[in-house]
Amino acid sequence: MENHDTDSKINIFKKYLNVDNPYKGGKTLAEIKAQTHKLYKLSSNENPIGASPKAVAAIQKAVQNLHLYPDRTDARLRTALATFYNNELDENQFVVANSGSETLELIIRAFMSEGHECIISNPTFLIYQMISKWQGAKINDVPLLEPNFILDIEGILAKVNDNTRLLFLTSPNNPTGTYIPKEDLDTIIERLPDHVILVLDEVYYHFADAEDYATALPYVKAGKQVIGINSFSKTYGLAAMRIGYFYTTEKIANYIHQICKPFILNKLSLEAGIAALGDTEFIQATVDLVKKERAYMEAEMKKIGVHFWPSQGNFILTKPPMEEKVFEAKMLDLGVMVRPVSAFGAPGCVRITIGTREANDACLAALVKIYQKS
Ligand SMILES: Cc1ncc(COP(=O)(O)O)c(C=O)c1O
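Just so it is clear, the model here is predicted, and its values are computed rather than measured.

Undergrad: I keep staring at the site of the ligand and nothing clicks. Help me out?
TA: The full set close to the ligand counts 14 residues, and G100, S101, D201, S231 and S233 are the nearest of them. Note that an oxygen atom of the ligand is positioned 2.6 Å from one of the backbone N or O atoms of G100. Protein contact buries 92% of the 390 Å² of open area that the ligand shows by itself. In the shell around the ligand, the residues fall into 4 nonpolar, 7 polar and 3 charged.

Undergrad: Whenever I open this one, the domain arrangement of the protein chain confuses me. Can you help?
TA: Interface size is commonly expressed as the accessible area that is lost once the parts come together. One can read the domain layout of the protein chain as domain 1 (19-50 + 282-373) and domain 2 (53-278). Here the C-alpha centroids of domain 1 and domain 2 sit 25 Å apart. Residue-level contacts link 28 residues of domain 1 with 32 residues of domain 2. Between domain 1 and domain 2 the total buried area reaches about 2,600 Å² when both faces are included, carbon and sulfur atoms providing 64% of it. The tally of links between domain 1 and domain 2 comes to 1 salt bridge.

Undergrad: What is the right way to read the packing of aromatic side chains from this model?
TA: For any pair of aromatic rings, geometry is given as the distance between the ring centres together with the angle between the planes. For the structure on display, the rule yields 16 aromatic pairs. Ring geometry for F149 against W309: centres 5.1 Å apart, planes inclined by 45 degrees, an arrangement best described as tilted. Separated by 160 residues along the polypeptide, F149 in the loop between strand 4 (138-141) and helix 6 (153-159) and W309 in strand 9 (residues 308-309) bring together distant segments of the chain. As far as burial versus exposure is concerned, F149 and W309 are alike and both buried. Linked through ring pairs, F84, Y85, F94, F232, Y236, Y245 and Y247 together constitute an aromatic cluster. Against the face of F263 rests R72, its NZ or CZ located 5.8 Å from the ring centre. The aromatic ring of Y296 is capped on one face by R357, whose charged end is 3.5 Å from the ring centroid.

Undergrad: For this particular structure, what's the right way to read the side chain of N47?
TA: Position of N47 among the secondary structure elements: in the loop between strand 1 (40-41) and helix 2 (53-62). A distance of 2.9 Å separates a polar atom in the side chain of N47 from the backbone nitrogen of I49. For N47, the side chain forms a polar contact with the main-chain oxygen of T235, separated by 3.0 Å. Dropping the residues within four chain positions of it, N47 is found in contact with K234, T235, Y236, G237, F282 and T286.

Undergrad: I would appreciate a short explanation of the state of the cysteines in the present structure.
TA: In a disulfide, the sulfur atoms of two cysteines are held together by a covalent bond. Summed over all chains, the structure comprises 0 disulfides. Its sulfur unpaired, C363 is 15 Å from the next cysteine sulfur, which belongs to C349.

Definitions and limits used
Residues numbered from 1 in each chain as written. Predicted model: local features only at pLDDT ≥ 70, side-chain atom pairs only at ≥ 80, totals over all residues. Heavy atoms only, no water. Near = heavy atom within 4 Å. Polar contact = N/O pair within 3.5 Å; in protein donor to acceptor, adjacent residues only side chain to side chain. Areas by Shrake-Rupley, 256 points an atom, 1.4 Å probe, with all protein chains shown as cover. Nonpolar A, V, L, I, M, F, W, Y, C, P; charged D, E, K, R; others polar. Domains from an automatic or database assignment. Contact = heavy atoms within 4.5 Å. Buried area = accessible area lost by both parts, 1.4 Å probe. Salt bridge = Lys/Arg side-chain N within 4 Å of Asp/Glu carboxyl O. Phe/Tyr/Trp six-rings, centres within 6.5 Å; stacked < 30°, edge-to-face > 60°. Helix = DSSP H or I, 4+ residues; strand = E, 2+ residues; numbered from the N terminus. Buried < 20%, exposed > 50% of the residue type's maximum accessible area, 1.4 Å probe, protein only. Lys NZ or Arg CZ within 6 Å of the ring centre and 35° of its normal. Disulfide = S-S within 2.5 Å.

Okay, here's the thing in C-alpha coordinates:
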(Lines give C-alpha, C1' and ligand atoms only; values in the text may rest on other atoms or scores of the structure.)
Protein backbone atom coordinates (compact mmCIF):
# COMPACT_ATOMS: atom_id res chain seq x y z
CA MET A 1 0.00 0.00 0.00
CA GLU A 2 1.30 3.48 -0.81
CA ASN A 3 2.15 5.74 2.03
CA HIS A 4 0.47 9.13 1.63
CA ASP A 5 1.91 10.76 4.71
CA THR A 6 3.65 14.15 4.69
CA ASP A 7 6.90 12.62 3.30
CA SER A 8 5.07 11.62 0.11
CA LYS A 9 6.36 13.20 -3.12
CA ILE A 10 2.77 13.93 -4.03
CA ASN A 11 1.58 17.14 -2.42
CA ILE A 12 -2.13 16.77 -1.69
CA PHE A 13 -2.48 20.32 -0.35
CA LYS A 14 -3.49 23.17 -2.64
CA LYS A 15 -0.65 25.67 -2.66
CA TYR A 16 -2.94 28.67 -2.32
CA LEU A 17 -4.71 27.43 0.81
CA ASN A 18 -2.13 28.37 3.43
CA VAL A 19 -4.21 31.40 4.34
CA ASP A 20 -2.16 33.97 6.21
CA ASN A 21 -5.03 36.16 7.32
CA PRO A 22 -7.92 33.96 8.46
CA TYR A 23 -11.31 35.55 9.05
CA LYS A 24 -12.22 35.83 12.70
CA GLY A 25 -15.76 36.99 13.34
CA GLY A 26 -16.56 39.35 16.18
CA LYS A 27 -16.75 37.77 19.63
CA THR A 28 -20.14 36.53 20.83
CA LEU A 29 -21.81 37.95 23.92
CA ALA A 30 -21.32 34.62 25.70
CA GLU A 31 -17.55 34.73 25.12
CA ILE A 32 -17.31 38.14 26.72
CA LYS A 33 -20.04 37.95 29.36
CA ALA A 34 -17.88 35.82 31.60
CA GLN A 35 -15.62 38.86 31.99
CA THR A 36 -18.02 41.72 32.73
CA HIS A 37 -21.57 42.37 33.87
CA LYS A 38 -23.54 44.97 31.93
CA LEU A 39 -22.43 44.74 28.32
CA TYR A 40 -23.50 46.40 25.06
CA LYS A 41 -22.57 44.55 21.86
CA LEU A 42 -21.74 47.13 19.21
CA SER A 43 -19.23 44.97 17.36
CA SER A 44 -21.07 43.01 14.63
CA ASN A 45 -23.53 45.41 12.92
CA GLU A 46 -26.52 43.51 14.24
CA ASN A 47 -30.08 44.82 14.45
CA PRO A 48 -30.49 46.95 17.61
CA ILE A 49 -34.17 46.02 18.07
CA GLY A 50 -33.91 42.27 17.60
CA ALA A 51 -35.43 40.02 14.95
CA SER A 52 -38.48 40.49 12.74
CA PRO A 53 -41.46 39.32 14.90
CA LYS A 54 -43.17 37.87 11.81
CA ALA A 55 -40.05 35.79 11.10
CA VAL A 56 -39.89 34.58 14.70
CA ALA A 57 -43.56 33.50 14.53
CA ALA A 58 -42.90 31.66 11.25
CA ILE A 59 -39.94 29.85 12.80
CA GLN A 60 -42.01 28.80 15.83
CA LYS A 61 -44.65 27.35 13.52
CA ALA A 62 -42.08 25.58 11.32
CA VAL A 63 -40.39 23.94 14.33
CA GLN A 64 -43.32 21.53 14.54
CA ASN A 65 -42.30 19.62 11.42
CA LEU A 66 -38.58 19.18 11.76
CA HIS A 67 -38.75 15.52 10.75
CA LEU A 68 -39.82 16.48 7.21
CA TYR A 69 -37.39 17.63 4.52
CA PRO A 70 -37.84 21.27 3.53
CA ASP A 71 -38.70 22.42 0.00
CA ARG A 72 -36.28 20.90 -2.48
CA THR A 73 -35.43 24.32 -3.93
CA ASP A 74 -35.45 27.97 -2.91
CA ALA A 75 -38.39 28.65 -5.27
CA ARG A 76 -40.89 29.90 -2.68
CA LEU A 77 -38.46 32.44 -1.27
CA ARG A 78 -37.56 33.55 -4.80
CA THR A 79 -41.25 34.13 -5.53
CA ALA A 80 -41.52 36.17 -2.33
CA LEU A 81 -38.46 38.16 -3.40
CA ALA A 82 -39.95 38.93 -6.82
CA THR A 83 -43.06 40.26 -5.04
CA PHE A 84 -40.87 42.26 -2.64
CA TYR A 85 -39.21 43.88 -5.69
CA ASN A 86 -42.69 44.74 -7.07
CA ASN A 87 -42.18 42.20 -9.85
CA GLU A 88 -39.60 44.47 -11.45
CA LEU A 89 -37.45 41.34 -11.51
CA ASP A 90 -38.44 37.79 -12.40
CA GLU A 91 -38.15 35.09 -9.73
CA ASN A 92 -35.57 33.38 -11.94
CA GLN A 93 -33.26 36.34 -11.43
CA PHE A 94 -32.76 35.52 -7.73
CA VAL A 95 -30.44 33.04 -6.04
CA VAL A 96 -30.85 32.28 -2.34
CA ALA A 97 -28.32 30.73 0.06
CA ASN A 98 -27.39 30.37 3.71
CA SER A 99 -26.21 33.97 4.27
CA GLY A 100 -24.92 36.79 2.11
CA SER A 101 -21.47 35.29 2.63
CA GLU A 102 -22.59 32.01 1.08
CA THR A 103 -24.05 33.79 -1.94
CA LEU A 104 -20.61 35.34 -2.42
CA GLU A 105 -19.05 31.91 -2.15
CA LEU A 106 -21.37 30.55 -4.87
CA ILE A 107 -20.48 33.41 -7.22
CA ILE A 108 -16.76 33.06 -6.61
CA ARG A 109 -16.83 29.28 -7.05
CA ALA A 110 -18.90 29.59 -10.21
CA PHE A 111 -16.67 32.12 -11.94
CA MET A 112 -13.14 31.75 -10.59
CA SER A 113 -10.42 29.15 -10.26
CA GLU A 114 -6.62 29.16 -10.58
CA GLY A 115 -5.51 31.61 -13.26
CA HIS A 116 -8.47 33.95 -12.74
CA GLU A 117 -8.33 37.33 -11.04
CA CYS A 118 -10.63 39.61 -9.09
CA ILE A 119 -10.45 43.21 -7.90
CA ILE A 120 -11.26 44.46 -4.42
CA SER A 121 -10.83 47.90 -2.81
CA ASN A 122 -9.61 47.78 0.77
CA PRO A 123 -10.63 48.62 3.41
CA THR A 124 -13.63 46.41 2.77
CA PHE A 125 -15.43 43.23 3.85
CA LEU A 126 -12.84 40.48 4.25
CA ILE A 127 -14.91 37.63 2.79
CA TYR A 128 -14.34 38.55 -0.91
CA GLN A 129 -10.62 38.12 -0.51
CA MET A 130 -10.85 35.10 1.77
CA ILE A 131 -13.09 33.02 -0.49
CA SER A 132 -11.32 34.09 -3.70
CA LYS A 133 -8.15 32.69 -2.15
CA TRP A 134 -9.90 29.34 -1.61
CA GLN A 135 -10.37 29.17 -5.37
CA GLY A 136 -6.73 29.97 -6.08
CA ALA A 137 -7.64 33.23 -7.79
CA LYS A 138 -5.33 36.24 -7.78
CA ILE A 139 -6.63 39.15 -5.75
CA ASN A 140 -5.82 42.66 -6.95
CA ASP A 141 -6.32 45.30 -4.30
CA VAL A 142 -6.94 48.83 -5.54
CA PRO A 143 -7.25 50.63 -2.18
CA LEU A 144 -9.88 53.28 -1.55
CA LEU A 145 -8.33 56.73 -1.73
CA GLU A 146 -7.66 58.36 1.62
CA PRO A 147 -8.57 60.45 3.51
CA ASN A 148 -12.23 59.97 2.54
CA PHE A 149 -12.10 56.39 1.19
CA ILE A 150 -13.14 57.27 -2.34
CA LEU A 151 -13.19 54.61 -5.04
CA ASP A 152 -10.15 54.74 -7.35
CA ILE A 153 -12.09 54.21 -10.59
CA GLU A 154 -9.15 54.67 -12.95
CA GLY A 155 -6.98 52.41 -10.76
CA ILE A 156 -9.65 49.69 -10.88
CA LEU A 157 -10.12 49.89 -14.64
CA ALA A 158 -6.35 49.82 -15.16
CA LYS A 159 -6.17 46.50 -13.26
CA VAL A 160 -8.65 44.72 -15.55
CA ASN A 161 -7.08 42.15 -17.87
CA ASP A 162 -8.25 39.06 -19.81
CA ASN A 163 -8.16 36.92 -16.64
CA THR A 164 -10.30 39.25 -14.54
CA ARG A 165 -13.72 37.82 -13.75
CA LEU A 166 -15.15 39.65 -10.72
CA LEU A 167 -15.04 43.22 -9.42
CA PHE A 168 -16.27 43.51 -5.82
CA LEU A 169 -17.73 46.85 -4.79
CA THR A 170 -19.56 47.52 -1.54
CA SER A 171 -22.06 50.32 -1.00
CA PRO A 172 -22.50 51.24 1.81
CA ASN A 173 -19.06 49.81 2.48
CA ASN A 174 -18.09 47.85 5.57
CA PRO A 175 -16.11 49.10 7.54
CA THR A 176 -15.82 52.68 6.14
CA GLY A 177 -19.57 53.48 5.92
CA THR A 178 -18.93 55.24 2.60
CA TYR A 179 -21.05 54.72 -0.53
CA ILE A 180 -20.50 54.80 -4.28
CA PRO A 181 -22.39 57.64 -6.03
CA LYS A 182 -24.58 56.54 -8.95
CA GLU A 183 -22.50 58.52 -11.40
CA ASP A 184 -19.40 56.51 -10.45
CA LEU A 185 -21.26 53.22 -10.82
CA ASP A 186 -22.47 54.36 -14.26
CA THR A 187 -18.87 55.09 -15.32
CA ILE A 188 -17.55 51.76 -14.09
CA ILE A 189 -20.34 49.69 -15.62
CA GLU A 190 -20.02 51.51 -18.93
CA ARG A 191 -16.30 50.85 -19.11
CA LEU A 192 -16.05 47.30 -17.74
CA PRO A 193 -15.46 44.73 -20.48
CA ASP A 194 -18.09 41.98 -20.94
CA HIS A 195 -16.02 39.26 -19.28
CA VAL A 196 -15.95 41.09 -15.91
CA ILE A 197 -18.98 40.89 -13.62
CA LEU A 198 -19.63 43.63 -11.10
CA VAL A 199 -20.59 42.16 -7.71
CA LEU A 200 -22.25 45.03 -5.86
CA ASP A 201 -22.63 44.20 -2.19
CA GLU A 202 -25.57 46.22 -0.86
CA VAL A 203 -26.40 44.42 2.38
CA TYR A 204 -26.66 47.80 4.17
CA TYR A 205 -28.77 49.46 1.45
CA HIS A 206 -31.80 50.11 3.67
CA PHE A 207 -29.70 52.51 5.78
CA ALA A 208 -28.38 54.64 2.89
CA ASP A 209 -30.11 57.98 2.42
CA ALA A 210 -27.69 59.91 0.17
CA GLU A 211 -29.55 61.34 -2.81
CA ASP A 212 -27.17 59.85 -5.36
CA TYR A 213 -27.07 56.39 -3.74
CA ALA A 214 -27.90 53.50 -6.11
CA THR A 215 -28.29 49.75 -5.76
CA ALA A 216 -27.67 47.18 -8.50
CA LEU A 217 -31.38 47.19 -9.43
CA PRO A 218 -31.40 49.69 -12.32
CA TYR A 219 -28.37 47.99 -13.88
CA VAL A 220 -29.76 44.47 -13.55
CA LYS A 221 -33.06 45.66 -15.01
CA ALA A 222 -31.11 47.11 -17.92
CA GLY A 223 -29.53 43.69 -18.50
CA LYS A 224 -26.01 44.62 -17.32
CA GLN A 225 -23.66 41.96 -15.92
CA VAL A 226 -24.18 43.10 -12.36
CA ILE A 227 -25.03 41.09 -9.23
CA GLY A 228 -26.68 42.72 -6.18
CA ILE A 229 -25.77 40.97 -2.90
CA ASN A 230 -28.22 41.09 0.02
CA SER A 231 -28.57 39.58 3.46
CA PHE A 232 -31.28 38.95 6.05
CA SER A 233 -28.73 39.49 8.83
CA LYS A 234 -29.04 43.27 9.19
CA THR A 235 -32.37 45.00 8.57
CA TYR A 236 -34.43 41.86 9.20
CA GLY A 237 -32.50 40.98 12.37
CA LEU A 238 -31.92 37.36 11.32
CA ALA A 239 -28.12 37.08 11.61
CA ALA A 240 -28.42 33.79 13.50
CA MET A 241 -30.53 32.19 10.74
CA ARG A 242 -27.91 32.71 7.97
CA ILE A 243 -30.05 33.74 4.98
CA GLY A 244 -28.95 35.80 1.99
CA TYR A 245 -29.77 36.29 -1.67
CA PHE A 246 -28.64 38.01 -4.80
CA TYR A 247 -30.33 39.17 -7.98
CA THR A 248 -28.80 39.39 -11.42
CA THR A 249 -29.49 38.56 -15.06
CA GLU A 250 -31.43 35.36 -15.65
CA LYS A 251 -28.43 33.90 -17.47
CA ILE A 252 -26.06 34.39 -14.52
CA ALA A 253 -28.70 33.21 -12.01
CA ASN A 254 -29.36 30.03 -14.04
CA TYR A 255 -25.64 29.38 -14.30
CA ILE A 256 -25.07 29.72 -10.56
CA HIS A 257 -28.16 27.66 -9.68
CA GLN A 258 -26.32 24.68 -11.17
CA ILE A 259 -23.96 24.62 -8.18
CA CYS A 260 -26.68 25.08 -5.53
CA LYS A 261 -27.34 21.93 -3.50
CA PRO A 262 -30.89 20.52 -3.36
CA PHE A 263 -32.61 21.51 -0.08
CA ILE A 264 -30.19 24.43 0.11
CA LEU A 265 -32.18 26.27 2.78
CA ASN A 266 -33.43 24.63 5.93
CA LYS A 267 -37.15 24.91 6.67
CA LEU A 268 -36.75 27.49 9.45
CA SER A 269 -34.66 29.82 7.28
CA LEU A 270 -36.98 29.47 4.32
CA GLU A 271 -40.10 30.36 6.33
CA ALA A 272 -38.29 33.11 8.27
CA GLY A 273 -37.05 34.75 5.06
CA ILE A 274 -40.49 34.75 3.44
CA ALA A 275 -42.13 36.17 6.58
CA ALA A 276 -39.43 38.82 7.14
CA LEU A 277 -39.84 40.25 3.63
CA GLY A 278 -43.46 41.03 4.48
CA ASP A 279 -42.67 42.61 7.86
CA THR A 280 -42.76 46.20 6.58
CA GLU A 281 -43.48 47.63 10.02
CA PHE A 282 -40.35 46.06 11.50
CA ILE A 283 -38.18 47.05 8.54
CA GLN A 284 -39.37 50.66 8.86
CA ALA A 285 -38.83 50.71 12.64
CA THR A 286 -35.27 49.42 12.18
CA VAL A 287 -34.39 51.88 9.44
CA ASP A 288 -35.90 54.85 11.34
CA LEU A 289 -34.04 53.96 14.51
CA VAL A 290 -30.68 53.44 12.79
CA LYS A 291 -30.90 56.73 10.88
CA LYS A 292 -31.95 58.73 13.93
CA GLU A 293 -29.32 57.17 16.19
CA ARG A 294 -26.60 57.45 13.53
CA ALA A 295 -27.18 61.22 13.34
CA TYR A 296 -27.14 61.40 17.14
CA MET A 297 -23.91 59.40 17.43
CA GLU A 298 -22.14 61.44 14.76
CA ALA A 299 -23.14 64.74 16.41
CA GLU A 300 -22.07 63.56 19.87
CA MET A 301 -18.81 62.02 18.63
CA LYS A 302 -17.93 65.34 17.02
CA LYS A 303 -18.40 67.09 20.39
CA ILE A 304 -16.13 64.55 22.10
CA GLY A 305 -13.45 64.96 19.42
CA VAL A 306 -13.64 61.43 18.03
CA HIS A 307 -12.08 61.05 14.58
CA PHE A 308 -14.74 59.29 12.47
CA TRP A 309 -16.06 59.00 8.91
CA PRO A 310 -19.71 59.92 8.18
CA SER A 311 -21.63 56.71 7.57
CA GLN A 312 -24.42 55.44 5.33
CA GLY A 313 -24.51 52.10 7.18
CA ASN A 314 -25.61 50.95 10.63
CA PHE A 315 -22.09 51.48 12.01
CA ILE A 316 -19.43 54.19 12.21
CA LEU A 317 -15.71 53.83 11.50
CA THR A 318 -13.49 55.63 14.01
CA LYS A 319 -9.76 56.16 14.45
CA PRO A 320 -8.99 56.17 18.18
CA PRO A 321 -5.98 58.06 19.55
CA MET A 322 -4.29 54.82 20.64
CA GLU A 323 -3.56 51.33 19.37
CA GLU A 324 -6.85 49.72 18.28
CA LYS A 325 -6.52 46.68 20.55
CA VAL A 326 -5.87 48.93 23.56
CA PHE A 327 -8.95 50.97 22.67
CA GLU A 328 -11.04 47.80 22.26
CA ALA A 329 -9.95 46.60 25.72
CA LYS A 330 -10.69 49.96 27.36
CA MET A 331 -14.15 50.06 25.78
CA LEU A 332 -14.80 46.51 26.97
CA ASP A 333 -13.79 47.47 30.51
CA LEU A 334 -16.42 50.19 30.28
CA GLY A 335 -19.04 47.66 29.07
CA VAL A 336 -19.05 48.24 25.29
CA MET A 337 -17.92 45.72 22.64
CA VAL A 338 -16.50 47.36 19.51
CA ARG A 339 -14.63 45.89 16.52
CA PRO A 340 -11.01 46.62 15.51
CA VAL A 341 -10.88 46.36 11.72
CA SER A 342 -7.24 46.14 10.67
CA ALA A 343 -8.09 42.74 9.13
CA PHE A 344 -10.49 44.64 6.82
CA GLY A 345 -7.57 46.80 5.63
CA ALA A 346 -8.12 49.71 8.02
CA PRO A 347 -5.17 49.59 10.44
CA GLY A 348 -5.63 51.57 13.64
CA CYS A 349 -9.40 51.86 13.08
CA VAL A 350 -12.34 50.57 15.08
CA ARG A 351 -15.93 50.09 13.89
CA ILE A 352 -18.83 50.89 16.21
CA THR A 353 -22.33 49.58 15.44
CA ILE A 354 -25.32 51.88 15.91
CA GLY A 355 -27.35 50.59 18.86
CA THR A 356 -30.42 51.59 20.83
CA ARG A 357 -30.29 54.98 22.58
CA GLU A 358 -29.34 53.21 25.83
CA ALA A 359 -26.43 51.36 24.18
CA ASN A 360 -25.33 54.47 22.31
CA ASP A 361 -25.32 56.55 25.47
CA ALA A 362 -23.22 53.87 27.20
CA CYS A 363 -20.84 53.99 24.26
CA LEU A 364 -20.64 57.80 24.32
CA ALA A 365 -20.03 57.79 28.09
CA ALA A 366 -17.16 55.33 27.55
CA LEU A 367 -15.74 57.48 24.75
CA VAL A 368 -15.85 60.57 26.97
CA LYS A 369 -13.86 58.76 29.66
CA ILE A 370 -11.25 57.47 27.21
CA TYR A 371 -10.83 60.72 25.27
CA GLN A 372 -10.59 62.86 28.43
CA LYS A 373 -7.68 60.75 29.65
CA SER A 374 -5.78 60.46 26.36
C1 LIG B 1 -20.55 44.15 3.39
C2 LIG B 1 -21.07 42.85 3.86
N3 LIG B 1 -21.46 41.95 2.95
C4 LIG B 1 -21.96 40.76 3.31
C5 LIG B 1 -22.10 40.44 4.64
C6 LIG B 1 -22.60 39.06 4.94
O7 LIG B 1 -23.64 38.98 5.78
P8 LIG B 1 -24.21 37.54 6.19
O9 LIG B 1 -23.20 36.53 5.79
O10 LIG B 1 -24.42 37.63 7.65
O11 LIG B 1 -25.47 37.40 5.41
C12 LIG B 1 -21.70 41.34 5.64
C13 LIG B 1 -21.79 40.99 7.06
O14 LIG B 1 -21.35 41.66 7.94
C15 LIG B 1 -21.17 42.57 5.23
O16 LIG B 1 -20.76 43.49 6.12
